[in-house]
Amino acid sequence: MNSVPARRTRILAATTAAAGLLLVAGCTSTDDGGSGSKTAAGGVELVKAGQLTTCTHLPYPPFQSEIDGKVQGFDVALIDLVAKDLGVKQEIRDTPFENFKTGAFLNSGECDLAAAGMTITEERKKNVDFSDPYFDATQAVLADKGAGINSFADLKGKKVGAQAQTTGEDYAKSQGLDPVSFESSDAVLNGLRSGQVDAVVIDYPVVQGWLKDKANADAFEVADNINTGEQYGFTVKKGNTKLLAAVNKALSEARSDGTYRELYEKWIGPYDESAASASPSAS
């Protein structure tokens, strides 16, 4: 896997039908109705006693999606490590992506942190505090095998799709293309399958997940990888230094003890050493 990052910069305003629905990730935790201490290990203050509440936006496989009735994925597994260190269980809220840019649900006390395959940007740092980067990626051009597309340059004159307000869409536009915007990654794939577009530009890990399906692998191929120089990070409310330290500690330990590699290979694909050694983001 290419080692250079390409994070989505999604700012989706549309709410999903499941927005606000509380979804349990991993083992079900006991809801004590708000009784008991909201202070977890290390003095971390939580919005709800006994649980680490995570905001996300579904679906975005392989980082988070509902599988067999549970929200699972790379992001989910990493935050489960944080929850374990804090002595609580993780629970997930599916929310509109625009809240991650503004930090609205963190500021309102609905969530402790956000985990949504989110790009670390200077603009977002004004509203939230980011963890150390935990994933590097590239954008991919996925094309219909019969479209005659072998590189990004071949997209000129073709029907191109991208997820709305993402790095892929921004890059396509910056290169003079006028991509068809789709609300979700699922909609992007459906657009390609139905022939609405000849190719799409989207995060490579998403493409990797799609190509695990034989029907997709038979119909489509990766025509190019694009380095956009971005990284993913988890976010907490500005000033929540104790929780941020707990997240960074869990990420560091996972890299050093092999857990990160194990989860990477499970959810993403062949392990890339540079993905585990991403330098901390500037504060």
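Residues numbered from 1 in each chain as written. Predicted model: local features only at pLDDT ≥ 70, side-chain atom pairs only at ≥ 80, totals over all residues. Heavy atoms only, no water.

**Remarks on the overall build of the protein**
Within the protein, the secondary structure is distributed over ten helices and 15 strands. Expressed as a percentage of its 283 residues, the buried residues of the protein come to 52%. Here the analysis covers contacts within the protein between residues at least 6 apart in sequence; of these, 75% occur between residues at least 24 apart. Just so you have it, the protein exposes about 11,700 Å², and 48% of that area is on carbon and sulfur atoms. (Helix = DSSP H or I, 4+ residues; strand = E, 2+ residues; numbered from the N terminus. Buried < 20%, exposed > 50% of the residue type's maximum accessible area, 1.4 Å probe, protein only. Contact = heavy atoms within 4.5 Å. Areas by Shrake-Rupley, 256 points an atom, 1.4 Å probe, with all protein chains shown as cover.)

**Some words on the packing of aromatic side chains**
Inspection of every chain in the model, using the stated rule, returns 14 aromatic pairs. A ring pair is formed by Phe74 and Tyr264, whose centres lie 6.1 Å apart and whose planes are at 90°; its orientation type is edge-to-face. Highlighted residues: Phe74 in helix H1 (residues 74-86) and Tyr264 in helix H10 (residues 259-267), separated in sequence by 190 residues. Relative accessible area serves as the criterion here: at 0%, Phe74 is assigned to the buried category. Judged by centre distance (6.1 Å) and plane angle (55°), the ring pair of Tyr134 and Tyr232 falls under tilted. (Phe/Tyr/Trp six-rings, centres within 6.5 Å; stacked < 30°, edge-to-face > 60°.)

**Looking at the confidence of the model for the protein**
Regions with low pLDDT should not have their predicted coordinates read in detail. Of the residues in the protein, 83% reach a pLDDT of 70 or more, and the chain-wide mean stands at 84. Across residues 24-35, confidence stays below pLDDT 50; counting only partners more than four residues off in sequence or on other chains, it has 18 contacts. (pLDDT = per-residue confidence, 0-100.)

**Let's talk about the state of the cysteines**
Applying the stated rule across the entire model yields one disulfide. Covalent S-S linkage joins Cys55 and Cys111, the inter-sulfur distance amounting to 2.1 Å. Disulfide Cys55-Cys111: the torsion about the S-S bond is 75°, which places it as right-handed. A residue pair is termed long-range when its members are at least 10 positions apart, and Cys55 in strand S2 (residues 51-56) and Cys111 in the loop between helix H3 (104-107) and strand S6 (113-114) qualify at 56 residues. Both residues of the pair, Cys55 and Cys111, belong to the buried class. (Disulfide = S-S within 2.5 Å.)

**Some details on empty space enclosed by the protein**
Per the counting criterion, the structure on display carries one cavity of 30 Å³ or more. A volume near 30 Å³ is recorded for the largest cavity. The wall of the largest cavity is formed by Thr54, Thr56, Gln64, Asp75, Val76, Gln90, Ile92 and Ala115. Counted by class, the lining of the largest cavity contains three nonpolar, four polar and one charged residues. (1 Å grid on protein atoms, 1.4 Å probe; cavity = no way out; pocket = protein on both sides within 12 Å on 5 of 7 lines; lining within 4 Å. Points joined across faces, edges and corners; volume = space filled by probe spheres on them. Nonpolar A, V, L, I, M, F, W, Y, C, P; charged D, E, K, R; others polar.)

**Structural notes on the packing of H1 against H10**
Where H1 contacts H10, the axes come no closer than 9 Å and their chain directions differ by 155°. In terms of their interaxial angle, H1 and H10 are classed as roughly antiparallel. Here the hand of the crossing between H1 and H10 comes out right-handed. Together, Phe74, Ala77, Leu78 and Leu81 of H1 and Thr259, Tyr260, Leu263, Tyr264 and Trp267 of H10 make up the contact between the two elements. (Axes fitted to C-alpha atoms, helices over the stretch in contact; angles between N-to-C directions. Parallel < 35°, antiparallel > 145°, perpendicular 65-115°, else oblique. Left-handed = near helix turned anticlockwise from the far one by under 90°.)

**Focus: the side chain of Glu230**
Structurally, Glu230 is set in the loop between strand S13 (220-226) and strand S14 (231-232). Exposure remark for Glu230: the relative accessible area of 18% places this residue in the buried category. Here Thr119 takes part through its side chain, which lies 3.5 Å from a polar atom of the side chain of Glu230. (Polar contact = N/O pair within 3.5 Å; in protein donor to acceptor, adjacent residues only side chain to side chain.)

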